[in-house]
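So you can see what is in the structure, the chains are spelled out below.
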Amino acid sequence: MTAGSDSVLGLLPRVFAAPNEALAEAEHLLGADPPPLHASVAHQVIGIWQRDFGDLRIALHHLRRARDLAARADLAEREADVLGTLGVALVHAGRTRQGLAAFERGVRRGAGHTRARVLYRRAYVWWVLGHHPQALEDVRRAIPVLRQVNDTIWTARALTLRATVHLALGAVDRADADFTAAEALWDTTGQEHDKADAVESRGLAAFRSGDIPVALRLLDEAEARYAELGTPTFMLSIRRCEVLMAAGLAPEALAEADAAIAVLDDIGGQSTRKAELLLAAARAAGLVGDPHTAIARAALAVRLFAAQRRTWWETHARLVLIEARVAAGRTSGRLVADAAAVAEELAAFGAPAAPRASLLAGRIALRLGWTADAERHLAVAARSRHSGPPLARLTGWAAQALQAQAQGSRRGVLEACRRGLDVLDDHQMTLGASELRARATQQGAELAALAQEASRERGGPRRLLVWSERWRATVLSAPPARPPADPALLSSLTAFRTIAARAEEARMDGRPVPALEREQRRLEREIRSRTLHMRGDAPGGGDRFDVDRLLARLGDTQLVELAVLDGVVHVLLCGQGRVRRFEAGQLAAAVTEAEHVQAALRRLAHPGAEHRMPVVEAMGRRLEELLLGRAAERLGGGPVVVVPPARLHRVPWALLPSLRERVLSVSPSASSWLRARETEPPPGGRHVLVRGPGLASGGAEVPDLADRYGRPTVLEHDEARVPRVLEELDGAALAHIAAHGTFRADAPLFSSLRMADGPLIVHDFERLDRSPYRIILSSCDTARLASVGADELLGLVTALLPLGTAGVVAASAPVNDAAVVPLMLTLHKGLSAGLSVAEALRDARAALPGDSVHQATGWAFTAFGAA
């Protein structure tokens, strides 16, 4: 073979080092009427590029041309190599039988080094098809030969593939060893696309071991590397969908899968990847509560996998299809049998999803009353509770709890639920971002519901309180991880603030700039990605909730914890040394009424709506019936703390007749109230007053408050910039912020307060070492929160509570800026006299004028915590 031939053959590895350059050179080579060998290589290069990054029909045309040229020139090794590439393309096109036939001929035509490369490619195809033992056998035969001839690139590829197969079989340790060996080899090469693939594979390994933040970071890094090369990759999207779903980010997973499918269809890409993306979309649709979309996507995926002869994948798609049908309300003996058959097939494959299928079969059988069948399937699923990553163990504990329930063992149910939620607690603590911690709680919702149901039936109100607390506002039990030394995050936050301020200014001037808004969204994605990458460093297994400790600390205060069982609100009234339970109304009706009240308060915030006052007061009476029931008559005369479920966070509790004239505070959980009650104020007693731009009142209360507090730190005009504001807020005893608030339902951690240089967002507050002991937020919507996970809240108030804040006053609705001023002045008069925030807010409401604007303003504000 000539030196010129060596140069042309060098194009092949360049497809995965500099793909677009290799494509251009191959096309140029074909334009120069090359000899058969060179033409065969050029067609193969174009075929590989089109197979992986473009149109499969074009790929197959070029690869067949490359094969024919090699065969006519009687170049056996060349033909064998092309047949390996063609076999992969045919399988990706759904022509499995033709692809495997091409491999058979390739193995026969090749020898030594070439045959080893063909075996590697066939091993890859076996993995695509889900035939893992065959994949391991072929790669086992290929690796020694590739190592013997010092073929670094192909050895690294083979090790990466073997690791990926190990992951599919749940052998994480073996996979990690192969990934480590492959990475050491890649470091010696210039194969940039292969290196990106190695990073992607490490992300998959991190996910399989249960490390979601590292998985997200590595997949984002791989995406950036692919972007530099200008090559799309659908496998990355499939893997990221899997990680996003495990992280509780199913809407993002569904959007990513749909977008990738659209691109794939547009370019005529790989049929195999489309089937896998459809499967990911089906799972995501099921998780977001859209079973009908899940059924449609899963059914199509089943058909495609069957046509592609990919039994392993087809079985997984059948599992998702059955799950979707059950979620849509279908229950039948046929579904039990189908789920059981899928479980057996997955177990035969060694697939980690097998326990999930057995759990599904057991659930359906329970619904039908087939107790013996249910117990059999659940016992199989329960075997996974002691091994594997956290979410797999959760499946096992859920099965164990359901089996105990079927056997009538309340103790067994509670023990399984406790053990399962302990696993989830440990998993949550590996997540640094508050958003991921909150969303992860959805994984344990069934266990929490089973435990509460068992406690209601036979355990009494104290036990029900314990289990209600076990699952309430767990994300607030420890502050999120904070990376103040991350220069990239700080840079992104600064850039976001600048762009967001410019975009807001343009919108207010009536000339929005689309480019600014696109850049703002890009920076939001970047900031969010970086926060999701953070790993948790807080230890799990903190203090367990103690009912006696709570009752002792309450004194003459009554704590009202609302638990929801089967859609009904149960009132747990805690005080005077005991816990009592009362049944109230339907949760759905209360949520609807609360939304109506919010709309009415928005109208009352403006003059001219006085006639609505009787209607709003009637709504308050209706809410009291739905939320407190007969417990409203047993509250006594002392202070009240309300602990509502997440879906009721927007209730204006001061509007309820029995609470209107009380010292009233709200807390996400009884445990959170206890922590606030026992939090000591910081030394020094610093007071910080902040006045942001654009308030209708101009923040008129701030100068008067400055006089009241003597020599506070006052930040206004150009001094009210985010870095300075954060510096002064850190460790303050009291902070008052008069600034426009914006709640972001689509991205609650980007909810903000407007400062002179742009928005002060929740992500900024999470960087504080200690948030102010007391903080008063005098603007609209600062108490609005997003309900996520099982019973968690994300927003400004919940960002402050784990960071040292013991008392917050904030509004859950738009308020009249002018009416806020007298409320705030009276509130601070009470605080400076030594009252708690709840006491001061009660007195401030009572001192307001009786018109509808001022009354609505008072009802809109809530005291949180215990300071």
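Here is a short report on the structure shown in this document. Just so we're clear, the structure is a prediction, and the values are computed from it rather than from any experiment. (Residues numbered from 1 in each chain as written. Predicted model: local features only at pLDDT ≥ 70, side-chain atom pairs only at ≥ 80, totals over all residues. Heavy atoms only, no water.)

**Side note on the sheet that holds strand 10 (residues 752-755)**
No. 1: Reading across the sheet, the three strands line up as 9-10-11 and stay open at both edges, with antiparallel pairing between neighbours. Single-partner strands in this sheet number two, and they are strand 9 (741-742) and strand 11 (758-761).
No. 2: Bridging between strand 10 and strand 11 involves four bridges; their strand directions are antiparallel. Directly across from S752, in strand 11, lies its bridge partner I761.
No. 3: In the packing of helix 27 (residues 487-508) onto the sheet, the strands contacted are strand 10 and strand 11, and the crossing angle to strand 11 comes to about 125°.
No. 4: Contacts between helix 34 (residues 722-729) and the sheet are confined to strand 10 and strand 11, with strand 11 contributing the most and set at about 30° to the helix. (Pairing = 2+ DSSP bridges. Helix = DSSP H or I, 4+ residues; strand = E, 2+ residues; numbered from the N terminus. Contact = heavy atoms within 4.5 Å. Axes fitted to C-alpha atoms, helices over the stretch in contact; angles between N-to-C directions.)

**A closer look at the packing of helix 23 (residues 410-428) against helix 26 (residues 460-470)**
No. 1: One can describe the packing of helix 23 onto helix 26 by two numbers: an axis separation of 12 Å at closest approach and a directional angle of 25°. Between helix 23 and helix 26, the crossing angle belongs to the class labelled roughly parallel. Considering how the two elements wind past one another, helix 23 and helix 26 form a crossing that is left-handed. Mapping the contact onto sequence places R410, L414, C417, R418, L421, D422 and D425 in helix 23 and R463, W467 and R470 in helix 26.
No. 2: Split into classes, the residues belonging to the contact of helix 23 with helix 26 amount to four nonpolar, no polar and six charged. (Parallel < 35°, antiparallel > 145°, perpendicular 65-115°, else oblique. Left-handed = near helix turned anticlockwise from the far one by under 90°. Nonpolar A, V, L, I, M, F, W, Y, C, P; charged D, E, K, R; others polar.)

**Thoughts on the pattern of salt bridges**
No. 1: The tally for this structure, following the rule as stated, stands at 68 salt bridges.
No. 2: A salt bridge links R14 to E21; its shortest N-O distance comes to 2.9 Å.
No. 3: Here R14 falls in the partly exposed class, since its relative accessible area comes to 27%.
No. 4: Between D338 and R334 there is a salt bridge, with its nearest N and O atoms 3.2 Å apart. With a gap of four residues between them, D338 and R334 both fall in helix 19 (residues 333-349), about one helical turn apart.
No. 5: Owing to a relative accessible area of 24%, D338 belongs among the partly exposed residues under this scheme.
No. 6: Assessed through its relative accessible area of 60%, R334 is described here as exposed. (Salt bridge = Lys/Arg side-chain N within 4 Å of Asp/Glu carboxyl O. Buried < 20%, exposed > 50% of the residue type's maximum accessible area, 1.4 Å probe, protein only.)

**Some points on unusual backbone geometry**
No. 1: For N150, which is not glycine, the phi torsion reads 55° and is therefore positive.
No. 2: Mapping N150 onto the fold places it in the loop between helix 9 (132-148) and helix 10 (152-168).
No. 3: On the basis of relative accessible area, N150 is assigned to the exposed category, the value being 64%.
No. 4: One non-glycine residue with positive phi stands out, namely D566, at about 55°.

**Some details on the environment of G230**
No. 1: Among the structural elements, G230 can be located in the loop between helix 13 (212-229) and helix 14 (234-246).
No. 2: The spatial distance from the C-alpha of G230 to the C-alpha of F53 is 9.5 Å, given a sequence separation of 177 residues.

**Considering helix 27**
No. 1: For helix 27, with 22 residues, the first-to-last C-alpha span of 32 Å sits near the 32 Å given by 1.5 Å per residue.
No. 2: Looking at helix 27, one finds that the buried residues are L489, S492, L493, F496, R497, I499, A500, A503 and A506.
No. 3: Taken together, the buried residues of helix 27 touch helix 28 (514-532), helix 34, strand 11 and helix 35 (762-765).
No. 4: One or two positions beyond helix 27, positive phi appears at G510, with a value near 80°. (Expected span 1.5 Å × (residues − 1).)

**Topic: the environment of P355**
No. 1: Positionally, P355 belongs in helix 20 (residues 354-368).
No. 2: If we skip the residues at most four places from it in the chain, P355 touches A381, S384 and T395.

**Quick notes on the packing of helix 6 (residues 76-92) against helix 7 (residues 96-109)**
No. 1: Two numbers describe how helix 6 lies on helix 7: the axes approach to 8 Å, and their chain directions differ by 160°. In terms of orientation, helix 6 lies roughly antiparallel with respect to helix 7. Like other packed secondary-structure pairs, helix 6 and helix 7 cross with a definite hand, here left-handed. Across the interface between the two elements, A76, E77, E79, A80, L83, G84, G87, V88, L90 and V91 from helix 6 touch T96, Q98, G99, A102, F103, R105, G106 and R109 from helix 7.
No. 2: Here the residues of the contact of helix 6 with helix 7 sort into eight nonpolar, six polar and four charged.

**Considerations on the pairing of strand 7 (residues 713-716)**
No. 1: In the sheet, strand 6 (residues 687-691) pairs with strand 7 via four bridges, with the strands oriented parallel. Paired with R691 across the strands is E716, a residue of strand 7.
No. 2: Once the chain exits strand 6 it traverses helix 33 (residues 701-708) before rejoining the sheet at strand 7, and the crossover so formed is right-handed. (Right-handed = clockwise from strand over helix to strand, strands pointing away.)

**Quick look at the side chain of E276**
No. 1: Relative to the helices and strands, E276 resides in helix 16 (residues 271-287).
No. 2: Ignoring any residue separated from it by four or fewer positions in sequence, one finds E276 in contact with M235, I238, F305, R310 and W313.

**With respect to the packing of aromatic side chains**
No. 1: By the definition in use, this model includes six aromatic pairs.
No. 2: Where Y120 meets W154, the ring centres are 5.5 Å apart and the plane angle is 90°; that geometry is what we call edge-to-face. Pair noted here: Y120 is in helix 8 (residues 112-129) and W154 is in helix 10, with a separation of 34 residues, a long-range link. No difference in accessibility class separates Y120 from W154, as the two residues are buried.
No. 3: Here the aromatic rings of Y124 and W127 are separated by 5.8 Å at their centres, their planes lie at 45°, and the arrangement is tilted. Of this pair, Y124 and W127 are both found in helix 8, three residues apart, which corresponds to roughly one turn of the helix.
No. 4: The class of W127 is buried, set by a relative accessible area of 10%.
No. 5: Through a chain of ring-to-ring contacts, the aromatic side chains of F305, W312 and W313 assemble into a single cluster.
No. 6: Between R157 and the ring centre of W154, over which it is positioned, the NZ or CZ distance is 4.8 Å.
No. 7: Between the NZ or CZ atom of R385 and the centre of the ring of W397, over which it lies, the distance is 5.4 Å. (Phe/Tyr/Trp six-rings, centres within 6.5 Å; stacked < 30°, edge-to-face > 60°. Lys NZ or Arg CZ within 6 Å of the ring centre and 35° of its normal.)

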